[in-house]
Every structure is written in C-alpha cells, then in structure tokens.
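Residue-level structural notes
Residues per chain are reported as follows:
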Amino acid sequence: MKRLVVVESPTKARTIRKFLPAGYQVEASMGHVRDLPSSAAEIPAKVKKEKWARLGVNVADGFTPLYVVPADKRKTVKALKEALKDADELYLATDEDREGESIGWHLLEVLQPKVPVKRMVFHEITKEAILKALDETRELDTRLVDAQEARRVLDRLVGYSVSPVLWKKIAPKLSAGRVQSVAVRVLVEREWERLDFVSASYFDLAATLAQKGVAFEAKMTHLGEERLATGKDFDEKTGKLLEKSDALVLGEDRATALAGRLKDAAWRVSEVEQKKARRSPAAPFITSTLQQEANRKIGMSARRTMQTAQKLYEQGLITYMRTDSPILSSEAIAAARGAVEARYGKEYLSPKPRQFSGKVRNAQEAHEAIRPAGTQMKTRDELRLSGDEAKLYDLIWKRTVASQMAEARLLRTRATILAAEGTDDESTFRANGQVIEFPGFFRAYVEGKDDPSAALDDRDSPLPPLAVDDTPDARAVEAVGHETKPPARYTDASLVQALEKAGVGRPSTYASIIDTVVRRGYVIRDKNQLVPTFTGMATTNLLAKNFERLVDTDFTARMEEELDEIAGGSEDRVPYLERFFNGPEGLEKRIEQGVETIDPREISTMRHVKWGDYEVRVGRYGPYAAAPDGSTASLPPEAAPADLTEADIAALIDANDDERPLGIHPTAEMPVLLKSGPYGPYVQLGDDEETKPKRTSLPKGTEPGDVDLDLAVQLLNLPRTLGLHPETGNEIKANIGRYGPYVQHERTFASLKPADGDDVLTVQLDRALELIAQKRQKAAPLRTLGAHPVSGKPIDVFEGRYGPYVKHEKTNATIPKDMDKDAITLEQAVALVDAKAAKGGKKRAPRKKKAS
C-alpha cells in the first residue's frame, strides 16, 4: 500500500521522511496552495464585473471567499495531484494549529482525493512522535478551518476597504490592517507621550562609606524628616513636582554644600534589616515569551526569532514554536530533570517536578511549551549548531532545564545610616546588599529585563557586616544630579508583551505584524527601538478619528475572543461578519461617511507646542514642515517625531532658501524649479504638485548654487539615448537613479564612475559598452552546481552585493556564513532554495515599459 503524506515545507518533508516506514511518500505543499486573489489579474473572468470581486469576498452571499490557486503554486498543485494518483491513502501532516488546519482543508478542496484521508498531528518531529501520530490520526477540524477563514476574510475586509481611504486622504500605497493598525497606534501613543514629556532635574547625595576597611555605597533618602524627591514625584507633562507629593527637591547648590559638610559628619548605623528571599524559575517558553527573551538577550527581532525557530522545528530539534501553552509533557520533565542532575548535581533539582499554567489572554492552540525535542536534551554543542540557530536553541534549552531546577535562595540586607552635622537635622542614607546563599536555577538561566537600569537578581552585591551603632568612615560624599526620562519607546520585546497583555492578535502573528509596519514605513528601527514615523502618526490620526473601533485595543481583543468562539463552535462566522461589515455601525457605512467628510489637509497635519508655530504635514511625497509664511521643508524619512524640535525645523526651512525658479523650459514651456527633498536637492519641471511632476536629482558633487537653467534642462532631459548595442540592436541609455548615475542596456544597469571621469551628461557609447560588459562579466555565475531534482533547471552560485548566494530560476537564497561558497554541494543548495521558496515571498512584478 502506498501512502502520500503532505507537509508544508521541503525541510519538514526531509526530516519526517527519515522516520516513516517503507511505502510512505512525503511531499511539500510549499505553504498555502490557495488564497484570496492578491491582484486583479488573479480574479477569474466570470466574476471580474461583480461589485465584490476586488475584495475577493462575496459580501452579499454569506461572505463567501473567492479562492484562487496563485500562478506560483500551480506547479506544486500539479505535482501533488500526480503523486496522489498512485496513493492509496492521503495523510495531511500540516501544523496542528488554525493555519495548518486551513492549509489541510485547502489541499482537500484542490486535490479532491478519491482515497481515504487522515489528519496526522504532532508537535515535535522525532521518530517516536511521528510513529505515534500515524497511529492516532483524526478527522480535519472544520471549526478551526472556519475560525481561520473568518480571520482571513476579516483581515481582507479591513485591508481592502480602509486602505483606499488612506490613499485618497493621505498618500498612495498606504494600508490598514486589523491588527497592524492597532500596533501602530500603541507605538504612536507612546511617541505623543514622549513629545508631551517635560524633563525635571533634581539632586541627591551618594556616599562611599567603609566599615573596618570594607567599602560600600549608600544613597541619601531624607533630610531631617523630609523625604528627598525621586523621578516618580514629578509630573511628566509639566516637569513640576506633583501636587500630592510632599517630597523635598534638592537643587545643585544646596546639594553640593550639604555634601561638603557631611564629609566631616558623624556617621552611625541606626537600623539593619535582613530578609531571606526565594526566586522561582520562569515557565518554559511559549511563542510570545520566546520572542521577548530572544529580543532582550540576543538582539533578535520577532521575525528573525520565528524564522530561526521554524528551522529548528523542521529539523526536529525543538517542539512546535507556535503555542500558548507552558506545559511540559512527562517525558520532557523527566529529560530536563535528568539533564539538571547530570550537569549540576542532585541538589540543584526542584524537590518535585514543576508544572506551569498558562496566563495568556484568549489562549488557544493546546500544544506543549517550546522545548528541545525528544528525550535526550542535547546541548547546542552536542548538536553542532552554529549562528542564530545555536543562540536560540541554547536559550530554549536553558529555559527548559531551569524550569525544573531548585529555587534560588537570597539574603537581602538593608542598612539605615544617619549622618549628623552639629545641631542640624540628621541626613538619612540607605545601603542595600544581597548575597546569593544558593544559586539554584540561576546556574542555568536568569530572565531578561526590559529596564536596562534594573540589576539582575543573580548578582552578588554584599554589604560588610553591619550592626546598630556601628560608626563607618566617610571616604567620599558627592552631589549627584538626575533628570527624569521620557517613557521608553517600545522594542520588539515590549511591544509583543503589550499586545499579548491587551489580547490583541495572536502571538504567532506578532512577528509578521512588526515586520509589516516597518516595511510599510509606519515605523522605523533605531537600534532596538521601534520609532513611529510621521506617516504612521497621520494614519493613526485618521483611523482613530473616523474608524475608532478598528484601532481600539479592547474592541480588537473582543474580535479575537469571537474568533475563538467560532473555533470552539459557539459562534457562527456569517452573523459575526454581517454585524462587523454591514450593520448600522458597520465598516461599510463608516467608509462611506469618511470618504465624504475627512479633510485630507487637516487629518495629515500635526501640531505641538515643542514645534512652536510650525506644523508638520504628511503629503504625497512624505512628511514636511510648514512655517506660518508658507515656506516648507521636507523632513528626513528617519526623523523621530518626539526628537524633532522647533530649532530643527527652523534650520531645515532656512536651509531650503536655495529653492528657486531657474526659468522656463525651452520646449515644454513650463517653469523649471530647483528644490530640496529628503534625499537632497533636485530639479523639477512644472509647479503643479497635484500631478506628479518630472524630477531629477542633482549628480553627486553638484552644488545647488552651481545649477542654472541650461544644466537643469539637461538633467530633466534624462535619460539620454547613447546609441544601439552592436549585438542586440537595442538602445543604451544614461540616467540618474536612486543610487547615482548609470548606463542601461535591457535589464543590465552599470554605475558610472565619476572618479574615472564619467559624467551622465557627456558619457559616450563606447564607454557605456565597456561598463555594461564589465557588469555582465561580474553577473556571470561563479559556478553551476547542477540541475534541481524537481524542475531540472540549473542551480548556480553567484557573488552578490550582500555576499554569496545560490540561484534557481527566480529564487535567490543567501549562503550562510558558516557554509563555504566554494565547497557547497548541490544537495545543500537545493535545501537552501527550496526553503526560500517555501516562505512564499512575493516576486517582483516585471517593470512596465515606458511609452516612447
């Protein structure tokens, strides 16, 4: 008997293949084989004229989705149908979650099998788990499929209905998303908090004391009966002391004078308090906590974390990485406890096996926690891992092992020390110390912190032995100045934590949400911070004022609960979608009202007292600042709104004084203008900003003051046709692009070299042919490895701008740093390109030829 097993990816297929008995054929679906149409070209001709066709959802007939097989999946579907012809049974072995259940259902709809179908589920790819899954198959869970379909339709209704409003009212190419827009609002609200923040300054005193020659630090907390102010005593919007605060604010002069006097004061220990404390280990990883810790501890973004975890899972090294459950199986607990005893000793084991319960709002997906797969608990060195995979696996290993280790036992000491200067009030200082009496799980793992100033609990910071009435020596006393800090911007870790706490989205989607808002230009990454852009702020402004529910965290969290109810069978998707889209307060009505009433200029304009009389607006070509006299200046795309000051804007507008008219174009009979933008100065034909005017950047090294009408006309006349290529007969052109001047023949672009005397306005055909020939020589493959076993097409090795890569048809896959490009084998290259293709990345559409 022949059985066909279908999984999502080639890597997963190769791993499972090793564990299946003879007679099983494993194939990959390369993710989803069907989806809603992504472009007008994918909409079938029979429904193109329907009003709902653009949405891909028939909103008038039960919100029926229009599913199509994308062009890049047709070959896969054909291969699966061929494999199914010879099969006696079909096993759907996609991931055990809503997404995996949905992929399995679409496979059934497309393949239409005539043989028995079994749903095979597992959460780790080990021999034991795979063989057990073969014996414990089940039916496809249509409730999970309905919930995933409702989610997909909901996302399409929001994205395809609201995005056109953003195009009309703010700028082209913007988009709205059911969860991404909420995430952007969270980031934007924090940025406004930073804008509103007013810093406050205050001082306290720090003393270096010594008891029997052992030095320790103490900090002043009171002057007489008055408590010294700390950062929490100040209003974030005024910088002034809160009305309810009774704290004393020390100024610099008073603090400095007091420090000078206290050096000669009499110091006495008035109280010593000791407390024993215990710390328990954190639960094993779930999806969200893995993303948070990987960001804090090893600097991985949420997306990079999930991509790396996916690789580890598909290689059979960890359990399934999309889970809300911190529970460990009995086999995993036994394996972890065995590893603890073997590596650290029996005294480091918890007295009894430790189990954890989930705390995730709207928790779903009843998997086990993320842990090393199998029962051997091998380390990263034993598995010979490297790079990101080694770092992430090590994090998972340590967290799992630590969960079964003994508590850490700490002894914390707090000493109160008085400093008396004559008859004046005594000054009170506090000294804190900690001794780790037994490290317990600290030996393996300590949870990271979002606050970089917070000390880790695994550090020893002991005080010398102190007793009441001891008289330590004062070695130094100094005034220490402080400034209150604005609320910190979100990182991947803290944003994931905030979204999870609010119940917005699913932990498995956070990586793609963050990646999407960065890619769409609503957010930029500044080191580890997520900084909203002015475009993100304007978009949030429009949505909050006109589609409040779409960016309300409570409403979005309730949507997640209703989707869970659909998955549980207590809610039907059609009535729910009907209420959301067609109801009196439904999305369709709100959009109709918004298109008529939203003022594009006002919705895209932002004002703040820190910017004085200037305004910031978001236009068709990006954000810009406007002065009361009408003068403007483009803002750099990377400008952080809360860091922008009135002086910054004034400087940008002053620098824009070079903008001027140069004259009238001799043939177009339109004004030629010299202007400045976020990417530098340029010349422009015409002053009508409503239609996209022709623009050309100034060549590098050309100063705005050197530009006259003649030079501007030459630049606006680009591209220049230099002649015909002697071999193809096609034109060769010279032009200026985003990365500078270049010559072009067909799809070959070769940069000009100003250092060698190349000039885009004077370069000749023979020089262009030389540069193009050099570029094509560089573009030739370093070597051809052989033919792909499925397509029969060659796989080549290339040296690219960002390092070596392998290429198969239209798929490029980077060669990992730990793999030698000169020694890479055909089998390794096939694995790389198949894994890249499995991600389903969109291919760039071919450029349309300009009308001549």
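Conventions we followed
Residues numbered from 1 in each chain as written. Predicted model: local features only at pLDDT ≥ 70, side-chain atom pairs only at ≥ 80, totals over all residues. Heavy atoms only, no water. Helix = DSSP H or I, 4+ residues; strand = E, 2+ residues; numbered from the N terminus. Contact = heavy atoms within 4.5 Å. Areas by Shrake-Rupley, 256 points an atom, 1.4 Å probe, with all protein chains shown as cover. Lys, Arg positive; Asp, Glu negative; His and termini not counted. Charge placed at Lys NZ, Arg CZ, Asp CG, Glu CD. Phe/Tyr/Trp six-rings, centres within 6.5 Å; stacked < 30°, edge-to-face > 60°. Buried < 20%, exposed > 50% of the residue type's maximum accessible area, 1.4 Å probe, protein only. Lys NZ or Arg CZ within 6 Å of the ring centre and 35° of its normal. 1 Å grid on protein atoms, 1.4 Å probe; cavity = no way out; pocket = protein on both sides within 12 Å on 5 of 7 lines; lining within 4 Å. Points joined across faces, edges and corners; volume = space filled by probe spheres on them. Nonpolar A, V, L, I, M, F, W, Y, C, P; charged D, E, K, R; others polar. Pairing = 2+ DSSP bridges. Axes fitted to C-alpha atoms, helices over the stretch in contact; angles between N-to-C directions. Patch = residues over 30% accessible without salt bridge, like charges linked within 9 Å, V, L, I, M, F, W, Y side chains within 5 Å. Salt bridge = Lys/Arg side-chain N within 4 Å of Asp/Glu carboxyl O. Expected span 1.5 Å × (residues − 1). pLDDT = per-residue confidence, 0-100. Parallel < 35°, antiparallel > 145°, perpendicular 65-115°, else oblique. Left-handed = near helix turned anticlockwise from the far one by under 90°. Arc of directions from axis to C-beta. Polar contact = N/O pair within 3.5 Å; in protein donor to acceptor, adjacent residues only side chain to side chain.

A closer look at the overall build of the protein
Of the regular secondary structure elements, the protein holds 23 helices and 31 strands. The dimensions of the protein, computed from C-alpha atoms along their principal axes, are 100 × 80 × 65 Å. Within the protein, counting contacts between residues at least 6 apart in sequence, those at least 24 apart form 67% of the total. Carbon and sulfur atoms make up 49% of the accessible area of the protein, which totals about 42900 Å². Charged side chains of the protein number 130 positive and 131 negative; the gap between the two group centres comes to 6 Å.

With respect to the packing of aromatic side chains
This structure, assessed with the given rule, holds 13 aromatic pairs. Ring plane angle 65° and centroid distance 4.9 Å describe the contact between F441 and F442, whose orientation is recorded as edge-to-face. For the residue pair F441 and F442, the accessibility class agrees, reading buried in each case. A connected cluster of aromatic rings, assembled from ring pairs, spans Y344, Y348 and F438. Positioned over the ring face of Y160 is R156, at 3.9 Å from the centre of the ring. Over the ring of Y348 we find R443; its NZ or CZ atom is 5.1 Å from the centre of that ring.

Looking at empty space enclosed by the protein
One pass over the structure, following the stated rule, counts one cavity of 30 Å³ or more. In this structure, the largest cavity occupies an estimated 40 Å³ of space. Surrounding the largest cavity, S175, Q180, S181, V184, Y522, T539, T540 and L543 form its lining. Among the elements of the structure, α6 (180-196) and α15 (534-546) are those that each provide at least two residues to the lining of the largest cavity. The residue makeup of the lining of the largest cavity, split by class, is three nonpolar, five polar and no charged.

Focus on the sheet that holds strand β26 (residues 740-745)
With antiparallel pairing, the four strands of this open sheet are ordered in space as β24-β25-β26-β27. Looking at which strands have only one partner, the edges of the open sheet turn out to be β24 (720-724) and β27 (748-751). Neighbour to neighbour, the strand axes of the sheet diverge by 25° on average, direction disregarded. Where β24 and strand β25 (residues 731-737) come together, four bridges link them in antiparallel fashion.

Thoughts on the sheet that holds strand β18 (residues 622-626)
The strand order across the open sheet built from four strands is β16-β17-β18-β19, with neighbouring strands paired in antiparallel fashion. Across the chains shown, the open sheet's two edge strands, defined by having one partner strand only, are β16 (605-606) and β19 (632-634). Across the sheet, α15 lies against β16, β17 (615-619) and β18, angled at about 85° from β17, the strand it touches most. Helix-sheet contacts for helix α20 (residues 646-655) involve β17, β18 and β19, and the interaxial angle to β19 is about 100°.

Considering unusual backbone geometry
For the bond from L718 to P719, the omega torsion is 5°, close enough to zero to count as cis. Structurally, the position occupied by P719 is in the loop between α21 (709-716) and β24. One non-glycine residue, M377, lies in the positive phi region at around 50°. Summarising the element assignment, M377 is placed in the loop between α10 (330-344) and α11 (380-383). You can call M377 buried: its relative accessible area is 2%.

A short note on a negative patch on the surface
A surface patch of like charges, here negative, comprises E225, E226, D425 and E426. Looking at the element boundaries, E226 is found in strand β9 (residues 226-227). E226 gets classed as partly exposed once you look at its relative accessible area, which sits at 41%.

Looking at α15
Here α15 contains 13 residues, and its C-alpha end-to-end distance of 18 Å stays within 8% of the 18 Å for a straight helix at 1.5 Å per residue. The buried fraction of α15 amounts to eleven of the 13 residues, a majority that puts the element mostly inside the structure. Of all the residues in α15, the buried ones are F534, T535, G536, M537, A538, T539, T540, N541, L542, L543 and N546.

A closer look at the pairing of strand β28 (residues 783-787)
Here four bridges tie β28 to strand β29 (residues 794-800), and the two strands are oriented antiparallel to one another. Note that in β29 the partner of R783 across the bridge is V797. In sequence, β28 turns back onto β29 through a hairpin of six residues, with G792 there showing a positive phi of about 80°.

Focus: the confidence of the model for the protein
For the protein, per-residue confidence averages 89 on the pLDDT scale, and 95% of positions sit at 70 or higher. Within the model, the stretch residues 361-365 combines pLDDT values under 50 with 25 contacts to residues more than four positions away or in other chains.

A word on the packing of helix α16 (residues 553-568) against helix α17 (residues 573-582)
At a closest axis distance of 10 Å, the pairing of α16 and α17 adopts a crossing angle of 160°. In terms of orientation, α16 and α17 fall into the roughly antiparallel class. Judged by the twist between their axes, the crossing of α16 over α17 is left-handed. Each of F555, M559, E562 and I566 in α16 lies in contact with α17, whose residues at this interface are R573, Y576, R579 and F580. Considering only residue class, the contact of α16 with α17 consists of five nonpolar, no polar and three charged.

Quick look at the pairing of β25
Linking β24 back to β25 in an antiparallel pair, the connection comprises six residues, with G729 at a positive phi of about 80°. Sheet topology places β25 next to β26; six bridges connect them, and they run antiparallel. Its bridge partner lying in β26, I732 is registered against H745. Turn length for the β25-β26 hairpin, with the two strands adjacent in sequence and antiparallel, is two residues.

Some remarks on the environment of E382
With respect to the helices, strands and loops of the structure, E382 is situated in helix α11. Between the C-alpha atoms of E382 and T553, which are 171 residues apart in sequence, the distance is 45 Å. Those residues within four positions of E382 in sequence are excluded, and the remaining contacts are R343 and M377.

Here we look at helix α2 (residues 74-85)
Here α2 is twelve residues long and its end C-alpha atoms lie 17 Å apart, about the 16 Å a rise of 1.5 Å per residue gives. Every buried residue of α2 is listed here: T76, V77, L80, A83 and L84. The buried side chains of α2 occupy one side of the element, clustering within an arc of 125° when seen end-on. Exposed residues pointing more than 90 degrees away from the buried face of α2 are listed as R74, K75, K78 and K85. Those residues of α2 that are buried lie in contact with β1 (3-7), β2 (24-28), β5 (89-92) and α3 (98-111).

Considerations on the side chain of E615
When you line up the elements, E615 lands in strand β17. Only 2.9 Å separates the side chain of E615 from the side chain of R607, close enough to count as a polar contact.

Quick look at the packing of α6 against α15
Interaxial distance between α6 and α15 falls to 9 Å at its minimum, and their mutual angle equals 110°. With respect to α15, the element α6 is oriented roughly perpendicular. As α6 packs across α15, the resulting crossing turns out to be left-handed. Mapping the contact onto sequence places S181, V184, R185, V188, E191, W192 and L195 in α6 and G536, M537, T540, L543 and A544 in α15. Counted by class, the contact of α6 with α15 contains seven nonpolar, three polar and two charged residues.

What about the pattern of salt bridges?
A full pass over the atoms with the stated rule returns 54 salt bridges. With a closest N to O distance of 2.9 Å, R296 and E293 form a salt bridge. One end of the pair, R296, and the other, E293, are both in helix α8 (residues 287-298), three residues apart, so they sit about a helical turn from each other. Between E615 and R617 there is a salt bridge; the shortest N-O distance is 2.9 Å. Salt bridges linked by common partners bring R151, D155, R178 and E560 together as one network.

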